[in-house]
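The primary structure of each chain is shown beneath.
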Amino acid sequence: MNIPHSTLPRIVIIGGGFAGIALAKKLKKQAVQVVLIDKNNYHTFQPLLYQVATGGLEAGSIAYPLRKVIQEYKNFYFRLTNVQEIDTQNQKVITEIGELSFDYLVMATGAKTNYFGNKEMERNSMAMKNIPQALNIRSLVLENFEQAVLTKVEAERNCLINFVLVGGGPTGVELAGALAEMKKAVLQKDYPDLDISKMQINLIQSGDHILNTMSEKSSLAAEKFLKELGVTIWKNVRVKNYNGHTVTTNTDLTFESATVIWTAGVQGALVQGLPLESLMERASRIRVNEFNQIRGYENLFAIGDIACMETTDFPQGHPMMAQPALQQGRVLGENIMRHITKKPMEAFEYNDKGSMATIGRNKAVVDLPKFHFDGIFAWFVWMFVHLLSLIGFKNKAVVFLNWVYNYIRFDRESRLIIRPFKKKSFVTFTSDEY
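This write-up is about the structure you can find in this document. (Residues numbered from 1 in each chain as written. Predicted model: local features only at pLDDT ≥ 70, side-chain atom pairs only at ≥ 80, totals over all residues. Heavy atoms only, no water.)

**Looking at the sheet that holds strand E23 (residues 355-360)**
Taking strand neighbours across the sheet as the criterion, the three strands line up as E23-E24-E25 in an open arrangement whose pairing is antiparallel. Unpaired on one side and paired on the other, E23 and strand E25 (372-374) mark the two borders of the sheet. Between one strand axis and the next, the sheet turns through 5 degrees on average, direction left out of account. Relative to E25, strand E24 (residues 363-367) is paired through three bridges, and the arrangement is antiparallel. Among the inter-strand pairings, Val366 is bridged to a residue of E25, identified as Phe373. (Pairing = 2+ DSSP bridges. Helix = DSSP H or I, 4+ residues; strand = E, 2+ residues; numbered from the N terminus. Axes fitted to C-alpha atoms, helices over the stretch in contact; angles between N-to-C directions.)

**Observations regarding a positive patch on the surface**
Side chains of Lys25, Lys28, Lys29, Arg330 and Lys353 sit close together on the surface and give a patch of like positive charge. Summarising the element assignment, Lys28 is placed in the loop between helix H1 (18-26) and strand E2 (33-38). (Patch = residues over 30% accessible without salt bridge, like charges linked within 9 Å, V, L, I, M, F, W, Y side chains within 5 Å. Areas by Shrake-Rupley, 256 points an atom, 1.4 Å probe, with all protein chains shown as cover. Salt bridge = Lys/Arg side-chain N within 4 Å of Asp/Glu carboxyl O. Lys, Arg positive; Asp, Glu negative; His and termini not counted. Charge placed at Lys NZ, Arg CZ, Asp CG, Glu CD.)

**Considerations on the pattern of salt bridges**
Scanning the model with the defined rule gives 13 salt bridges in all. A salt bridge links Glu228 to Lys224; its shortest N-O distance comes to 2.9 Å. Of this pair, Glu228 and Lys224 both sit in helix H8 (residues 216-228), separated by four residues, roughly a single helical turn. One salt-bridge network, held together by shared partners, links Glu223, Lys227 and Lys235.

**Structural notes on the nonpolar core**
If you look at the biggest cluster of nonpolar residues, it comprises 99 residues, and the most contacted ones within it are Ile11, Leu48, Phe145, Leu226 and Val365. Ranked by the residues each element gives to this core, the list is headed by helix H5 (residues 131-150), at nine residues. Not counting chain neighbours up to four residues away, the residues in contact with Ile11 comprise Leu27, Val32, Gln33, Val34, Val35, Tyr104, Val106 and Ile336. (Core = buried A, V, L, I, M, F, W, Y, C linked by side-chain atoms within 4.5 Å. Buried < 20%, exposed > 50% of the residue type's maximum accessible area, 1.4 Å probe, protein only. Contact = heavy atoms within 4.5 Å.)

**Considerations on the packing of H1 against helix H9 (residues 322-340)**
Helices that pack against each other are described as a pair by the angle of their axes relative to one another and the distance between those axes. Packing of H1 against H9 brings their axes to within 7 Å, and their N-to-C directions diverge by 30 degrees. Classified by the angle their axes make, H1 and H9 are roughly parallel. Where H1 crosses over H9, the handedness of that crossing is right-handed. Mapping the contact onto sequence places Phe18, Ala19, Ala22, Leu23 and Lys26 in H1 and Ala322, Ala325, Leu326, Gly329, Arg330, Leu332, Gly333 and Glu334 in H9. For the contact of H1 with H9, the class distribution of residues is eight nonpolar, two polar and three charged. (Parallel < 35°, antiparallel > 145°, perpendicular 65-115°, else oblique. Left-handed = near helix turned anticlockwise from the far one by under 90°. Nonpolar A, V, L, I, M, F, W, Y, C, P; charged D, E, K, R; others polar.)

**Comments concerning the pairing of strand E12 (residues 200-205)**
Both faces of the sheet carry side chains from a regular strand, because those side chains alternate between them. Across the six residues of E12, five count as buried, placing the element largely inside the fold. As paired elements, strand E11 (residues 162-166) and E12 share five bridges and run parallel to each other. When the bridges of E12 are listed, Val164 appears paired with Asn202. Once the chain exits E11 it traverses helix H7 (residues 170-190) before rejoining the sheet at E12, and the crossover so formed is right-handed. In this structure, E12 lies alongside strand E13 (residues 232-235), joined through four bridges in parallel fashion. The residue bridging Leu203 from the neighbouring strand is Ile233, located in E13. The β-α-β motif built from E12, the intervening H8 and the parallel element E13 has right-handed crossover chirality. (Right-handed = clockwise from strand over helix to strand, strands pointing away.)

**Side note on the packing of aromatic side chains**
Enumeration over the complete set of coordinates arrives at 14 aromatic pairs. Ring geometry for Tyr73 versus Phe76: centroids 5.1 Å apart, planes at 75 degrees, classification edge-to-face. For the pair shown, Tyr73 and Phe76 are each scored as buried. Taken together, the ring pairs connect Tyr115, Phe116 and Trp262 into an aromatic cluster. Residue placement shows Arg361 over the ring face of Tyr407; its charged tip is 3.9 Å from the ring centre. Cation over ring: Arg361 sits above Phe410, and NZ or CZ is 4.3 Å from the ring centre. (Phe/Tyr/Trp six-rings, centres within 6.5 Å; stacked < 30°, edge-to-face > 60°. Lys NZ or Arg CZ within 6 Å of the ring centre and 35° of its normal.)

**Side note on the side chain of Thr44**
Along the chain, Thr44 falls in strand E3 (residues 42-44). For Thr44, a relative accessible area of 15% puts it in the buried group. With residues near it in sequence (within four places) discarded, Thr44 still touches Leu49, Ile62 and Ile131.

Written as structure tokens, this is what we have:
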């Protein structure tokens, strides 16, 4: 991999997400050699992917070059590749471009979509965990409307403008709200020859309330906001299958839709090579102790979504969100240096700063440790926190200006089909069928 030989301890970080970046920043002034590996050359600000998918932002405004993050850090290197396997016995990382030995290895590979073994859903629905997937959703949504303008078959037209979102967590709720605002303010202007009132946005939740990781007050407020925007919420309904045209559930409900977006679950993005006793099979996460050391190893660590630290307060591990990843990355930066200098490491303690979700213009919910609020003030808090969390001044400025423009004009001008996306599984209706 053409990494210079060094007498300094070599720390290999796999993954340039929130956890990996936080760790790299913590190590920037230390006497170590750091190699950051990722399959993309950019960091993705995942909380705003839904705005890329719905035309509110361009992809470049939520991405940041990984090489720019570390360009001023001494003894830091980046390699663009997929990691294929971890050789724990020989302490090597095996990638598509070669092998690399390490003194310390940190797994920060994040999470991927969990379809819970449903191959039909995986094949035919859309996921939204990265920028290419968000762009695919945006292209598919717009292409379906272009096709709806052309078709003369009412059933096919309705299917093309019917949306089904599976999963009532923050991603599903925010995406549903964004689509509802597009329907209200944008699509009826873009497609005056379509009856946009026929457009349906269905949010399906398997439990008895949406935003089930937040407070009951926030859940009820979010449900109220979504209904005001025209979103239909189906609770206690579990999706069983989707053949590219018809969604079937565990009830008598079925949905005819050309666009089904799966936001119902995530699992750790594992890499081969770790023994089964180090893994939590159900969620595909890596078991770690209070120092984020992988079970059975002293110099192997895991942080962020991939790590499962089972504690009294979090028996299933910390929530797979940005805050635990950031905090673990910072603490591990200090602990690795303590380990190198033979000092005792400090146990990680998660500081829950709260959670939030936005439903649309002037509508958001915020849970803080001691109180909850919703509405326009919560919406401003949500925007402020997300702007501060973006990497890079330019990204902050671009996103802020986009939000101001979209608020004043009530518009989303990034509704561009940059690269076409065609679903092979869509069934074309004929007039004889209906």
